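So the chains spell out like this:
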Amino acid sequence: MDRRGFLTLSTAGAATLGFGAFGAPAAFAATAPKLPGEVSRLSNVLTQKGRNLYDNVEVDIGGDRARLFIPQSISMKSAASVGAVWFYHAASSSHNALNGGFKYPGELVVDQNTIAICINAGGTQYTNSIATTAQKNAWTYLNSLYTVRRNFLRATSFGGSLGCYTYGKKLIPYIRGLYMVNGLYDNEWLYAYDTKNQARVGDAYGNDLTLIKGTNPARISATPWTNSRVKVLVSDSAHPDDVVVPSKNGLALIAKIASVAADTQVMYHTLGHETPGFAHTDMIKTFSQWSV
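Reading the values: the criteria
Residues numbered from 1 in each chain as written. Predicted model: local features only at pLDDT ≥ 70, side-chain atom pairs only at ≥ 80, totals over all residues. Heavy atoms only, no water. Salt bridge = Lys/Arg side-chain N within 4 Å of Asp/Glu carboxyl O. Helix = DSSP H or I, 4+ residues; strand = E, 2+ residues; numbered from the N terminus. Buried < 20%, exposed > 50% of the residue type's maximum accessible area, 1.4 Å probe, protein only. Arc of directions from axis to C-beta. Contact = heavy atoms within 4.5 Å. Phe/Tyr/Trp six-rings, centres within 6.5 Å; stacked < 30°, edge-to-face > 60°. Core = buried A, V, L, I, M, F, W, Y, C linked by side-chain atoms within 4.5 Å. Pairing = 2+ DSSP bridges. Axes fitted to C-alpha atoms, helices over the stretch in contact; angles between N-to-C directions.

The protein chain is annotated in an unreviewed UniProt entry as Twin-arginine translocation signal domain-containing protein from Cryobacterium gelidum.

Structure representation (structure tokens):
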């Protein structure tokens, strides 16, 4: 199998989910060059499934922390283009989600010879100026080190807000698609709906409704989503998600863009606001299909 990343994966290969079948793990690599702003590094980590080597690196990008899983088969400053999967963490989490709930899917990304990255984006800042600036800076940083020409977005829960805004506003280029699990789409809805914990959104915008509206992904028209690719996983009506109500968020996004998008998909599960286990391999399958 060609290991140049998602771009070269065939649809047939994706359908069989034959990932990680690359034989014995590579020999330990020499120490990789230190990245700009590098805070810590765990080298020579083996992925759980494919047994491929990568480095787990934490960096500081203009004051915002990010964690990256970098396959050791990828070289800095190489002319060969690579892919990156951007993970958007849930509320009360951080870039270290890549060491937690996102670790397994992050390693599946590494198995595809693709970089996994999770930025802190200022913490739970939704789409305010702190978060959007962090996203733009992280792209500039990553693309200065690697020739990234395929970006995939993977968002969970309230992280869906920045994922949707990044795609709808094209905060970074070369986006191939968004895969969102129980993801937030409408910041104004959450501000009105979650009255008990309104600070979840309010604090990020100083409780200024004008600011909330100004960067609400739900206010982006359908036109910028032309030729986009979006898949949402939401809980079915028999197992309601009362944290991020699907009809107001993931399903509302699909309804808006379906007529102009290149691909829209909905998959249901039965776990309310929990992430179903099948989401990880389905993410890889979906990104592979979008790469062909």
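What follows picks up the thread again.
Draft legend 1. Spatial organisation of the pattern of salt bridges. Summed over all chains, the structure comprises seven salt bridges. The closest approach of N and O atoms between Asp-282 and Lys-231, which form a salt bridge, is 2.8 Å. Within this pair, whereas Asp-282 is found in helix H9 (residues 278-291), its partner Lys-231 is found in strand S8 (residues 229-235), the two being separated by 51 residues in sequence. Given the relative accessible area of 9%, Asp-282 is considered buried. The structure contains a network of salt bridges with shared partners spanning Glu-58, Asp-60, Arg-65 and Arg-67.

Draft legend 2. Representation of helix H8 (residues 250-257). Within H8, burial applies to Gly-250, Leu-253, Ile-254 and Ile-257. Looking down the long axis of H8, one finds its buried residues gathered within 95° of arc, a one-sided arrangement. Buried-residue contacts for H8 involve helix H4 (160-168), strand S7 (175-181), S8 and strand S9 (263-269).

Draft legend 3. Region of the structure containing the packing of aromatic side chains. Under the criterion given, the structure shown has nine aromatic pairs. Look at Phe-87 and Phe-102: their rings are 4.9 Å apart centre to centre, the planes differ by 45°, and that puts the pair in the tilted class. Of the two residues, Phe-87 sits in strand S4 (residues 81-88) while Phe-102 sits in the loop between S4 and helix H2 (103-110), which places them 15 residues apart along the sequence. Phe-102 matches Phe-87 in its accessibility class, with the two residues each being buried. In textbook terms, an aromatic cluster arises when at least three aromatic residues are bridged by ring pairs, as seen for Phe-152, Tyr-179, Phe-287 and Trp-290.

Draft legend 4. Representation of unusual backbone geometry within the structure. Unusually for a residue other than glycine, Ser-92 sits at a positive phi of about 60°. Residue Ser-92 is classed as exposed on the basis of its relative accessible area of 77%. At Tyr-126, a position not held by glycine, the phi torsion is positive, near 55°. Within the fold, Tyr-126 resides in the loop between strand S5 (115-119) and helix H3 (129-145).

Draft legend 5. Representation of the nonpolar core in the model. If you look at the biggest cluster of nonpolar residues, it comprises 47 residues, and the most contacted ones within it are Trp-86, Tyr-146, Leu-178, Val-230 and Leu-253. A total of seven residues in this core trace back to one element, the largest contributor, which is H3. Contacts of Leu-253, omitting those with residues within four sequence positions, involve Cys-164, Leu-178, Met-180, Tyr-185, Trp-225 and Val-230. Membership of the second largest hydrophobic core comes to 22 residues, among which are Val-45, Ala-97, Tyr-179 and Met-283.

Draft legend 6. Structural context of the environment of Gln-112. As for its position among the elements, Gln-112 is in the loop between H2 and S5. Put simply, Gln-112 and Gly-50 are 62 residues apart on the chain and 9.1 Å apart in space, counted from C-alpha to C-alpha.

Draft legend 7. The arrangement of the sheet that holds S7 in detail. Pairing in this open sheet of nine strands is mixed, and the strands run S1-S2-S3-S5-S4-S6-S7-S8-S9 from one edge to the other. Taken across any chain shown, the strands that pair with only one partner, and hence form the sheet edges, are strand S1 (38-46) and S9. Direction aside, neighbouring strands of the sheet carry axes that sit 15° apart on average. Where S4 and strand S6 (residues 147-156) come together, eight bridges link them in parallel fashion. Bridge pairing links Ser-81 to Thr-147 in S6.

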